[in-house]
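# Architecture at a glance
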Amino acid sequence: MSGGKLLVRGARQAVLVCRAGERALRGEEMKTLASLEQDGDNGVSLVVGSNGLIEAVGHDADIQQKYGSTKFDRVIDAAGMSILPGLIDGHTHPVWAGDRVHEFAMKLAGATYMEVHKAGGGINFTVEHTRRASEDELYTLFRDRLLRMVRAGTTLVECKSGYGLEVETEMKMLRVIQRAKRELPIEISSTFCGAHSVPRGSTMEQATDDVINVQLPRLRELMKSGDLEVDNIDVFCEKGVFDVDSTRRILQAGVETGLAINFHGDELHPMNSAELGAELKARAISHLEEISDAGIKAMADSGSVAVILPTTAYILRLTPPPARKMIDSGVVVALGSDFNPNAFCLSMPMTMHLACVNFRMSMNESLAAATINAAASLGRAETHGSLEVGKVGDLVIIDAPRWEHLIYQLAGHDHLIKYVVKKGEVIHSAA
Ligand SMILES: N=CN[C@@H](CCC(=O)O)C(=O)O
Ligand SMILES: [Zn+2]
């Protein structure tokens, strides 16, 4: 090799997460993650080639022997530091205008999510503001949020539409996401969520027909012309929002448009969403606070990824999802920040901390959930989510001798994260 993009050397530790090309980790596999430790003076090195892919991970002496004559665009001396894969956020609603800080006060005073929603607040409040906002205004707000995510270590994020609930605003949101894909260093998996709520003045049946007969056909045209690249279809399957039959119709229409199923289910009421998702071979189902035992078994069998969201359960004081039971039953469990105007959290380290304390996950389980399993929830586990040769060179380097400090030092990521690397390029540096 004559030239490479990045050499990181001298690290105390590199958490590889996987070593054998696993596409997801389940049960016991989440408990012990593959890692490489400094051996005496011999630290850990990682090489990203000029194509942005990981080319080697090993001890300094071996890498030095192989790459001694190679010129790198950048060399990072990571003495005393730890390297981990770029974090992957499996669930966010980051394109919107108008904050809901006033609703936070209402909820602290005892109002439930559905009480706020039915009183015209919640999603419908954000819809009004988002419909009124220009595309540029939305982009500026979105950009700032994405860059804050990058500073917290996120290199791949799922981003939903869903604050338009009619064709023009939904497409406006998807165009804003598309622009960020072109202009920003963070990688995005985008999700059409025109069925996030029933718009004011409509019935569920009318909203379902509008998504299927108006919004999805327009999306199909824009995908065909290359104006939009959208990956997933989402529905908020919830009592008082979209019932199981409407959800099924919309998700099936999404599949016919070429989208992967990735939807909200069993959040506030048991809806048998997990069973529905498993039957439809959903790639992922989010929330699942109210999943049934049969739903857990169905997801373990179907391989649909459970994207659980600790910030939502925390802010809304919900009974947490049965994360332990899901993991122990063999469900693939991933994490998302659920950034949205209800749960204003842009940080995966914070999300992982909450998963450990409130969902009783171990730190290793939370890292597996925020890397390889989140990649699986987005259909990108072949290329993302672990530090293995041939995968994209997405890394977080923290100034601590063990990676667990990223979780242990609650709200400490600003201080700990020294570099965030995307495809071998440093996209954030605190050094
Ligand atoms: N539950 C539905 N959707 C979001 C909340 C969106 C909102 O309140 O604006 C969620 O995942 O938590
Ligand atoms: Zn959500």
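Residues numbered from 1 in each chain as written. Chains lettered and ligands numbered in written order. Predicted model: local features only at pLDDT ≥ 70, side-chain atom pairs only at ≥ 80, totals over all residues. Heavy atoms only, no water.

For the protein chain, the name recorded in an unreviewed UniProt entry is Probable imidazolonepropionase, with Branchiostoma belcheri as its organism. UniProt lists a comment for the protein chain under the heading Catalytic activity (unreviewed entry), and it reads "4-imidazolone-5-propanoate + H2O = N-formimidoyl-L-glutamate". (UniProt positions renumbered as here; feature names shortened; annotations may be inferred.)

### Considering the side chain of Q178
Counting through the fold element by element, Q178 comes out in helix α6 (residues 167-183). With residues near it in sequence (within four places) discarded, Q178 still touches D227, L228 and E229. (Helix = DSSP H or I, 4+ residues; strand = E, 2+ residues; numbered from the N terminus. Contact = heavy atoms within 4.5 Å.)

### Things to note about the sheet that holds strand β1 (residues 3-11)
The strand order β5-β4-β1-β6 describes an open sheet built from four strands, whose pairing is mixed. Looking at which strands have only one partner, the edges of the open sheet turn out to be β5 (54-59) and β6 (71-77). Adjacent strand axes in the sheet meet at a mean angle of 15 degrees, parallel and antiparallel pairs treated alike. Here six bridges tie β1 to β6, and the two strands are oriented parallel to one another. Across the sheet, R9 pairs through a bridge with D77, a residue of β6. Of the strands in this sheet, β1, β4 (44-49), β5 and β6 touch helix α1 (residues 60-67), which is tilted by about 135 degrees from β5. (Pairing = 2+ DSSP bridges. Axes fitted to C-alpha atoms, helices over the stretch in contact; angles between N-to-C directions.)

### Things to note about the site of ligand 1
Near ligand 1 lie 16 residues; those nearest to it are R100, Y113, Y163, H287 and D338. Contact distances for ligand 1 include 2.6 Å between an oxygen atom and a side-chain N or O atom of Y163. Between ligand 1 and H287, the relevant distance is 2.8 Å, taken from an oxygen atom to a side-chain nitrogen or oxygen of the residue. Considering only residue class, the shell around ligand 1 consists of five nonpolar, eight polar and three charged. (Near = heavy atom within 4 Å. Polar contact = N/O pair within 3.5 Å; in protein donor to acceptor, adjacent residues only side chain to side chain. Nonpolar A, V, L, I, M, F, W, Y, C, P; charged D, E, K, R; others polar.)

### Re the coordination of the zinc ion (ligand 2)
Protein coordination at the zinc ion (ligand 2) comes from H91 (NE2), H93 (NE2) and H264 (NE2), with a distance range of 1.9 to 2.1 Å. Note that the zinc ion (ligand 2) binds four donor atoms; their angles at the metal cover 99 to 121 degrees, and the shape is tetrahedral. Positions of the donor residues of the zinc ion (ligand 2), expressed as sequence spacing, correspond to H-x1-H-x170-H. By relative accessible area, which is 0% here, H91 ends up buried. (Donors = N, O, S within 2.8 Å, 3.2 Å for Na, K, Ca; no water. Tetrahedral: all angles 85-135°; square planar, octahedral: opposite > 155°, others 65-115°. Buried < 20%, exposed > 50% of the residue type's maximum accessible area, 1.4 Å probe, protein only.)

### Re the pairing of β4
For β4, a buried count of six out of six residues is recorded, marking the element as mostly surrounded by other parts of the structure. Where burial is concerned, the two faces of β4 agree: the one with V44, L46 and V48 and the one with S45, V47 and G49 are both buried. In the sheet, β1 pairs with β4 via five bridges, with the strands oriented antiparallel. Across the sheet, residue L7 finds its bridge partner in β4, namely V47. Taken together, the five bridges between β4 and β5 define a ladder with antiparallel strand orientation. Each bridged residue has a counterpart across the sheet, and for V48 the counterpart in β5 is I54. If you look at the hairpin formed by β4 and β5, you'll find four residues sitting between the two strands, and G52 has a positive phi there, around 85 degrees.

### Points about α6
The end-to-end C-alpha distance of α6 is 24 Å, a good match for the 24 Å that 17 residues give at a rise of 1.5 Å each. Taken residue by residue, α6 has V167, T169, E170, M171, K172, M173, L174, V176, I177, Q178 and A180 as its buried positions. Its side-chain oxygen 2.8 Å from the backbone nitrogen of E168, E166 forms the N-cap of α6. (Expected span 1.5 Å × (residues − 1).)

### Some words on unusual backbone geometry
With a phi angle near 60 degrees, L165 is a residue other than glycine that sits in the positive phi range. Considering the arrangement of structural elements, one finds L165 in the loop between β9 (154-160) and α6. Here A411, not a glycine, exhibits a phi torsion of approximately 60 degrees, which is positive. In this structure, A411 sits in the loop between α16 (405-408) and α17 (413-416).

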